[in-house]
Amino acid sequence: MPDYVLAIDQGTTSSRAMIFNHSGRVVSVGQLEHDQIFPRAGWVEHNPEQIWNNVREAVGLALTRANVTYTDIAAVGITNQRETAVVWDKTTGKPVYNAIVWQDTRTQPIVEELGGDAGPDKYKAIVGLPLATYFSGPKVKWILDNVDGAREAAERGDLLFGNTDAWVLWNMTGGVDGGIHVTDVTNASRTMLMDLDTLTWREDIAADMGIPVSMLPQIRSSSEVYGPGRPGGLLPGVPIAGILGDQQAATFGQACFEIGAAKNTYGTGNFMLLNTGTEKVPSKNGLLTTVCYKIGDQPQRYALEGSIAVTGSLVQWLRDNLGMFADAPDIEWLARKVEDNGGAYFVPAFSGLFAPYWRPDARGALVGLTRYVNRNHIARAALESVAFQTREVLEAMRADSGVTLTELKVDGGMVANELLMQFQADQLGVDVVRPQVAETTALGAAYAAGIAVGYWSGESDVVANWAEDRRWTPTMDQDERERLYRQWKKAVTRTFDWVDTDTK
Ligand SMILES: Nc1ncnc2c1ncn2[C@@H]1O[C@H](COP(=O)(O)OP(=O)(O)OP(=O)(O)O)[C@@H](O)[C@H]1O
Ligand SMILES: [Mg+2]
């Protein structure tokens, strides 16, 4: 058995390739950012060809930096930004349009029309999701409705759809020369097109959206051999053996295998997932019901998910759009210059509000301003918004599942921020725990692939490899904790009902 497993993490802001050893430790990393394309307010696109080029380059970098070749790689796992929709022509290998990213809100009219009199919960009992701009199905409909010739090509059977996992896998396994068109159950559960019980495509919902079923990838488990890397590529013959959407991958990498185990990832957005076992729990409190993972032939596990659209991307926005600092970590020393938020609350409803509100009509607001407030307070308010939003999701989880968490496992780029982590523990009233490997997304995909080929024996290896790095314990006075949260809740209401039909 070769010594290492390689994971490809095709994320929202970058593509990473990471090589792991048998202890689940990072051996090397290759990473490249891709362009964020904003053609209009509310529209967010990526160039799929740039993404595929970056994936290849990242894999090359990771192999070079570890000083290994493909013969040292036992298996490859893929994890990815979910929901982001790529439609390409299988005869040319070219995308027919840019990828429409999960944050994009252009499908709002489509979503309203699909809901009709039934409203946003029309498909929820089947797919676990409310109708929202977030999910892939309506994005595919937009492409077929708006790109010249796309619908005809789709009906001829020439077009394929996938989240970026399927796009990367198809290219890795040969592209126009026999590329394999499959996805896993977790990605499929983000399209609004998959039946959560049978794990098969719903032809009736696809028909409602005008999407030919021939475009859809075959749905497979998250941990099995899908096929070998193409001859002549960087990983010829290496089994590609794991696919998990990024948040499910992080849940896997955090060893959340027991019912009631949860993790929260702080990246571009924040995503908390709670394992509910083989039972799918419907949400009454604004959470999503989604597939957590499925290992080979074993029964699928489900999760409740609280998705928050804007957390790390608010830090990027302060950096790039306002020029407040040069690097994301700089926000911490700005925020540390002041004792508190100075009365300012920043609700980053840039893509409307996701969990637990699902308010597409909301837009961002900075409230509570006085002459006293300076940029340090705004930096602090931005970090606090991440923790407040997380508390809202945690409270919804408690209400839906009856599970009271005694601590929260965290990961993602923002957990390097100690001020945020302490404030998070203070707001939640429970310990916040960071593992030694904070790259749990890539790690989870590596585990899924390694388990499929017998490099790891199963979940017990994942549990054995997990190790705590740091823990933050709540210290804030109870009255202050509740006062801040009450003000936050009030700030959230100020963002509602902003978008009118002619808002630009
Ligand atoms: N020290 C820090 N303090 C606050 N925010 C940070 C810090 N370091 C990174 N970030 C933010 O974290 C995010 C990057 O985290 P991470 O690399 O986990 O993102 P990601 O969501 O995995 O990216 P992708 O969406 O591409 O997968 C960026 O939005 C960045 O602004
Ligand atoms: Mg990520």
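The sections below set out a description of the structure shown in this document. On a predicted model such as this, the values are computed, not experimentally measured, just so you know.

Now for the nonpolar core. Counting residues in each nonpolar core, the largest one holds 135 residues, and the members touching the most others are Y134, M215 and Y266. Sort the elements by how many residues they give to this core and helix α12 (residues 375-401) lands first, with 12 residues. Core analysis: the second largest hydrophobic core is formed by 34 residues, L6, I8, L160 and V168 among them.

Our focus in this paragraph is the environment of W466. Looking at where W466 falls in the secondary structure, it is placed in the loop between α15 (459-465) and β21 (468-472). Through-space distance from the C-alpha of W466 to that of P435 is 7.0 Å; in sequence the pair is 31 residues apart. Of note is the side chain of W466, whose polar atom sits 2.8 Å from the side chain of Q254.

This paragraph deals with the site of ligand 1. As a structural note, the neighbourhood of ligand 1 is formed by 19 residues, with T12, T13, T268, G413 and N417 the closest of them. Interatomic distance of 3.2 Å between a backbone N/O atom of S14 and an oxygen atom of ligand 1. The separation between an oxygen atom of ligand 1 and a polar side-chain atom of T268 is 2.6 Å. Alone, ligand 1 offers 640 Å² of accessible surface; in the complex the protein occludes 86% of this. For the shell around ligand 1, the secondary structure elements donating two or more residues are β2 (14-20) and α10 (312-320). Ranked by residues supplied to the shell around ligand 1, first place goes to α10 with 4 residues. Looking at the shell around ligand 1 residue by residue, the classes come out as 6 nonpolar, 12 polar and 1 charged.

What follows concerns the sheet that holds strand β20 (residues 431-435). Across a sheet, paired strands are connected by hydrogen bonds in the backbone, their directions being either parallel or antiparallel. Ordered by their spatial adjacency, 7 strands build an open sheet running β15-β16-β14-β13-β19-β20-β21, and the pairing between neighbours is mixed. This sheet does not close on itself; its edge strands, each paired only once, are β15 (288-293) and β21. Looking at each pair of strands side by side, their axes are set apart by 30 degrees on average, direction ignored.

Time to look at the packing of aromatic side chains. In this description, an aromatic ring pair is defined by two values, namely the gap between the centres and the angle between the planes. Scanning the model with the defined rule gives 24 aromatic pairs in all. Between W88 and W170, the aromatic rings sit 5.5 Å apart at their centres with planes inclined by 55 degrees, giving tilted as the arrangement. Of this pair, W88 sits in strand β6 (residues 86-89) while W170 sits in helix α6 (residues 164-172), and the two are 82 residues apart along the sequence. Side by side, W88 and W170 carry an identical accessibility label, which is buried. Taken together, the aromatic side chains of W102, Y134, F135, F271, F354 and W358 make up a single cluster linked through ring pairs.

Turning next to helix α9 (residues 246-253). Residues spaced three or four apart along an α-helix face the same direction, because each turn holds 3.6 residues. Along α9, 8 of the 8 residues are buried, which leaves the element largely enclosed by surrounding structure. All of the buried residues along α9 are D246, Q247, Q248, A249, A250, T251, F252 and G253. Looking one or two residues beyond α9, the residue adopting positive phi is A255, at roughly 60 degrees.

Another aspect to go through is the sheet that holds strand β1 (residues 4-10). Spatially, β3-β2-β1-β5-β12-β11 is the arrangement adopted by the 6 strands of the open sheet, whose pairing is mixed. A strand with exactly one partner marks an edge of an open sheet, and here the two such strands are β3 (26-33) and β11 (223-228). When strand polarity is set aside, the average angle formed by the axes of neighbouring strands in this sheet is 25 degrees. Sheet topology places β11 next to strand β12 (residues 239-245); 3 bridges connect them, and they run antiparallel. Note on β12: the bridge partner recorded for G227 is I240. Where α6 meets the sheet, it contacts β1, β5 (73-80), β11 and β12, and its direction lies at approximately 145 degrees from that of β5. Docked against the sheet, α9 engages β5 and β12, running at close to 100 degrees with respect to β12.

Moving on: the packing of helix α2 (residues 108-115) against helix α4 (residues 136-146). The geometry of α2 relative to α4 is characterised by a closest axis approach of 10 Å and an angle of 110 degrees between their N-to-C directions. If you check the angle between α2 and α4, you find them roughly perpendicular. Here α2 runs over α4; the crossing is right-handed. Residue-level contacts link I110, V111 and L114 of α2 to P138, K141 and W142 of α4. Classifying every residue of the contact of α2 with α4 by side-chain character gives 5 nonpolar, no polar and 1 charged.

Calculation rules
Residues numbered from 1 in each chain as written. Chains lettered and ligands numbered in written order. Predicted model: local features only at pLDDT ≥ 70, side-chain atom pairs only at ≥ 80, totals over all residues. Heavy atoms only, no water. Core = buried A, V, L, I, M, F, W, Y, C linked by side-chain atoms within 4.5 Å. Buried < 20%, exposed > 50% of the residue type's maximum accessible area, 1.4 Å probe, protein only. Helix = DSSP H or I, 4+ residues; strand = E, 2+ residues; numbered from the N terminus. Polar contact = N/O pair within 3.5 Å; in protein donor to acceptor, adjacent residues only side chain to side chain. Near = heavy atom within 4 Å. Areas by Shrake-Rupley, 256 points an atom, 1.4 Å probe, with all protein chains shown as cover. Nonpolar A, V, L, I, M, F, W, Y, C, P; charged D, E, K, R; others polar. Pairing = 2+ DSSP bridges. Axes fitted to C-alpha atoms, helices over the stretch in contact; angles between N-to-C directions. Phe/Tyr/Trp six-rings, centres within 6.5 Å; stacked < 30°, edge-to-face > 60°. Contact = heavy atoms within 4.5 Å. Parallel < 35°, antiparallel > 145°, perpendicular 65-115°, else oblique. Left-handed = near helix turned anticlockwise from the far one by under 90°.

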